Amino acid sequence: MIKKIQVTQSSMPSYDEYCEEIKDLWESKWLTNSGVKHKKLQCKLKEFLGVENVSLVTNGHMALELALQSLDLDGEVITTPFTFVSTTNAIVRSGLKPVFCDINATDFTIDINKMEQLITPKTVAILPVHVYGNVCDIEKIQEIANRHTLKVIYDAAHSFGIKYKGEGIGSFGDASCFSFHATKVFNTIEGGAVCYGNDVFTDKITKIRNFGISSPTEVEYIGTNAKMNEFSASMGLANLKYIDDDIEKRKCIVERYKENLTSLDGITFAKKQANVQSNYSYFPILIDQQLFGANRDFVATKLEEHGVYARKYFYPIVTEFKCYKQEFSGFDTPVAKEISEKVLTLPLYPKLSFEEIDFICDILKGIKKRRNI
Ligand SMILES: *Cc1c(COP(=O)(O)O)cnc(C)c1O
């Protein structure tokens, strides 16, 4: 039987370490609502992420919804269709209208040159995504936002631990939303956080994530339930001890992939970004059918035949999903559409061995060889 290599594998502490971390919960019997673990994780993350404020929540999606609700927005939000559907869903579920801006073909983040023409009197915010951990053009985005008095909320789900010009990636814009889902670089099983500079939001987010309750007899906001529980926070505390090591391992894996694939005509990957300390969260490759001799779907199928589960991530783009395609068109964002048809995200997680990477690359080399004959 062939061994399966999934696109990702959750990082976990040892069983004993996790048990040790959750042990006191049996004494305190305090399982959620800003418990000891929650407070401790919040404190540690503030330091690790290099941000002013961190509010922990149940997941990355709720982080986005809470950030949008806290900013009291009403109108249009400029965003990217080349993302996980959560980004768009959060906008729509918050009663806002997404306006899709194309991405650039270099790092797949929002194209700042196509953004300003989408701004109308109804535009209230920009919601870009640091997709695959590639940092958006933060300065230009802020410049445009300032010129038009728009809020900036980053979907930072892929960018845990990234530093830009030495500063935590979560410290830019009005808010940055992280995901601590099991498949992300850092996980609390399910979890997320909103990071922001203005501490006015602390009180608001704290209330909104707890139904909007402000006192035992008062409800101030129409809030939701998005509180991180103590077991999740404990997982975070245990995982955080290994994060530097995990990111270092990811770096070695990405370098190994690049060494292996550099000479393979028809396969390209995003260049290393200047001023960015990366977290190596994903390894997307672009497959050019003409040059490589096979298209992305063929490559994905071939890899699967060998037990390698790469992902067509992100395909299709958000505007092509059933719930959005009546209202939007992928043809309005041709670069995003084209990239989504060429992209394949290869397996990447700290425990992936060099043998496994070489095995995956050998399959790619094999496809090219046979196809070119
Ligand atoms: C994972 C992810 C989310 C949602 O985070 P969850 O923790 O799964 O709710 C949002 N946006 C992007 C880009 C993501 O990858």
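The coordinates are above.
Residues numbered from 1 in each chain as written. Predicted model: local features only at pLDDT ≥ 70, side-chain atom pairs only at ≥ 80, totals over all residues. Heavy atoms only, no water.

J.: Would you mind going over the overall build of the protein chain with me for this structure?
T.: Regarding its fold elements, the protein chain presents 13 helices and 15 strands. Taken over C-alpha atoms, the radius of gyration comes to 21 Å for the protein chain, in line with the 21 Å a tight globule of 373 residues would show. Looking at the 373 residues of the protein chain, the share that counts as buried comes to 53%. Taking the intrachain contacts of the protein chain between residues at least 6 apart in sequence as the baseline, contacts between residues at least 24 apart amount to 71%. By element, 52% of the accessible surface of the protein chain is carried by carbon and sulfur atoms, the whole surface being about 17,500 Å². In the protein chain, the 45 positive side-chain charges and the 48 negative ones have mean positions that sit 4 Å from each other. (Helix = DSSP H or I, 4+ residues; strand = E, 2+ residues; numbered from the N terminus. Rg over C-alpha atoms; globule rule 2.2 N^0.38 Å. Buried < 20%, exposed > 50% of the residue type's maximum accessible area, 1.4 Å probe, protein only. Contact = heavy atoms within 4.5 Å. Areas by Shrake-Rupley, 256 points an atom, 1.4 Å probe, with all protein chains shown as cover. Lys, Arg positive; Asp, Glu negative; His and termini not counted. Charge placed at Lys NZ, Arg CZ, Asp CG, Glu CD.)

J.: It is not clear to me how helix α11 (residues 296-305) should be interpreted in this structure. Could you clarify?
T.: Three- or four-residue spacings in an α-helix give side chains the same orientation, since the helix completes a turn every 3.6 residues. By the burial criterion, the buried members of α11 are R296, V299, A300 and L303. Seen along its axis, α11 keeps its buried residues to an arc of 100°; they face one direction. Just downstream of α11, G307 is the residue with a positive phi angle, here 85°. (Arc of directions from axis to C-beta.)

J.: Please clarify how the sheet that holds strand β13 (residues 276-277) should be interpreted in this entry.
T.: Read from one edge to the other, the open sheet built from three strands follows the order β7-β6-β13, with strand pairing classed as antiparallel. Two strands close off the open sheet at either side, each with one partner strand: β7 (167-168) and β13. Bridge count for strand β6 (residues 163-164) against β13 is two bridges, and the pairing is antiparallel. Across the sheet, residue Y164 finds its bridge partner in β13, namely V276. (Pairing = 2+ DSSP bridges.)

J.: Looking at this structure, how should I read the packing of helix α3 (residues 36-49) against helix α8 (residues 230-240)?
T.: A pair of packed helices can be characterised by two numbers: the angle between their axes and the separation between those axes. Axis separation between α3 and α8 bottoms out at 8 Å; the angle between their running directions is 40°. With respect to each other, α3 and α8 are oriented oblique. Regarding α3 and α8, the two cross each other, and that crossing is left-handed. Of α8, the residues touching α3 (which contributes V36, K37, H38, K40, L41, K44, L45 and F48) are E230, A233, S234, G236, L237 and L240. Tallied by class, residues from the contact of α3 with α8 come to seven nonpolar, three polar and four charged. (Axes fitted to C-alpha atoms, helices over the stretch in contact; angles between N-to-C directions. Parallel < 35°, antiparallel > 145°, perpendicular 65-115°, else oblique. Left-handed = near helix turned anticlockwise from the far one by under 90°. Nonpolar A, V, L, I, M, F, W, Y, C, P; charged D, E, K, R; others polar.)

J.: Is there a simple way to think about the pairing of strand β9 (residues 192-196) in this case?
T.: In summary, the side chains of a regular strand alternate between the two faces of the sheet. Among the five residues of β9, five are classified as buried, and the element is accordingly described as predominantly covered. The alternating pattern of β9 places G192, V194 and Y196 on one face and A193 and C195 on the opposite face, and all of these are buried. Of the strand pairs in this sheet, strand β1 (residues 53-57) and β9 are connected by five bridges, and their pairing is antiparallel. Along β9, the bridge assignment pairs V57 with G192. Looking at chain direction, strand β8 (residues 175-179) and β9 are connected through four bridges and run antiparallel. Bridged to S176 within β9 is C195.

J.: Can you walk me through helix α5 (residues 85-93) in this structure?
T.: Taken as a whole, α5 has its buried residues at S86, T87, T88, A90 and I91. Contacts made by the buried residues of α5 are with α4 (60-70), β2 (76-79), β3 (97-100), β4 (123-127) and β5 (151-155). Within two residues after α5, G95 carries a phi angle of roughly 80°, on the positive side.

J.: I would appreciate a short explanation of the site of the ligand in the present structure.
T.: Close contacts around the ligand come from 15 residues, with G60, D155, H158, S179 and K184 the closest. H61 places a polar main-chain atom, nitrogen or oxygen, 2.9 Å from an oxygen atom of the ligand. Here a nitrogen atom of the ligand and a side-chain polar atom of D155 are 2.7 Å apart. Relative to its free-state accessible area of 380 Å², the ligand is covered by the protein chains to the extent of 93%. Only α4 and α5 provide two or more residues apiece to the shell around the ligand. The residue inventory of the shell around the ligand, partitioned by class, reads three nonpolar, 10 polar and two charged. (Near = heavy atom within 4 Å. Polar contact = N/O pair within 3.5 Å; in protein donor to acceptor, adjacent residues only side chain to side chain.)

J.: Just checking my understanding: could you explain a nonpolar patch on the surface for this structure?
T.: Taken together, the side chains of F211, I213 and V219 make up a nonpolar region of the molecular surface, amounting to roughly 250 Å² of accessible area. With respect to the helices and strands, V219 occurs in strand β11 (residues 218-219). (Patch = residues over 30% accessible without salt bridge, like charges linked within 9 Å, V, L, I, M, F, W, Y side chains within 5 Å. Salt bridge = Lys/Arg side-chain N within 4 Å of Asp/Glu carboxyl O.)

J.: Can you help me understand the packing of aromatic side chains in this one?
T.: For any pair of aromatic rings, geometry is given as the distance between the ring centres together with the angle between the planes. In total, this model carries 20 aromatic pairs according to the counting rule given. A centroid spacing of 4.8 Å and a plane angle of 5° characterise the contact between Y257 and F283, whose relative ring orientation is stacked. With Y257 in helix α9 (residues 243-261) and F283 in strand β14 (residues 283-287), this pair connects stretches of sequence that are 26 residues apart. Each member of the pair, Y257 as well as F283, is classed as buried. An aromatic cluster of at least three residues, connected via ring pairs, comprises F82, F108, Y132, Y282, Y313 and F314. R296 extends its terminal NZ or CZ atom over the ring of Y315, reaching a point 4.6 Å from the ring centre. In this structure, K337 is placed above the aromatic ring of F331, and the distance from its NZ or CZ to the ring centre is 5.1 Å. (Phe/Tyr/Trp six-rings, centres within 6.5 Å; stacked < 30°, edge-to-face > 60°. Lys NZ or Arg CZ within 6 Å of the ring centre and 35° of its normal.)

J.: Is there a simple way to explain the nonpolar core in this structure?
T.: Soluble globular proteins tend to bury their nonpolar side chains together. Core analysis: the largest hydrophobic core is formed by 71 residues, its most contacted members being Y257, L303 and L346. Other than its neighbours up to four places away in sequence, Y257 contacts F283, L346, P347, L352, I357, I360 and C361. Core analysis: the second largest hydrophobic core is formed by 25 residues, L68, L73, V194 and F201 among them. (Core = buried A, V, L, I, M, F, W, Y, C linked by side-chain atoms within 4.5 Å.)

J.: Explanation requested: the packing of helix α1 (residues 15-22) against α8 in the structure shown.
T.: Taken N-terminus to C-terminus, the directions of α1 and α8 make an angle of 130°; their axes are 9 Å apart at the nearest point. As judged from the angle between their axes, α1 and α8 are oblique. Where α1 crosses over α8, the handedness of that crossing is right-handed. Every residue of α8 that contacts α1 at Y18, E21 and I22 is listed here: F231, S234, M235 and L237. Tallied by class, the residues present in the contact of α1 with α8 amount to five nonpolar, one polar and one charged.

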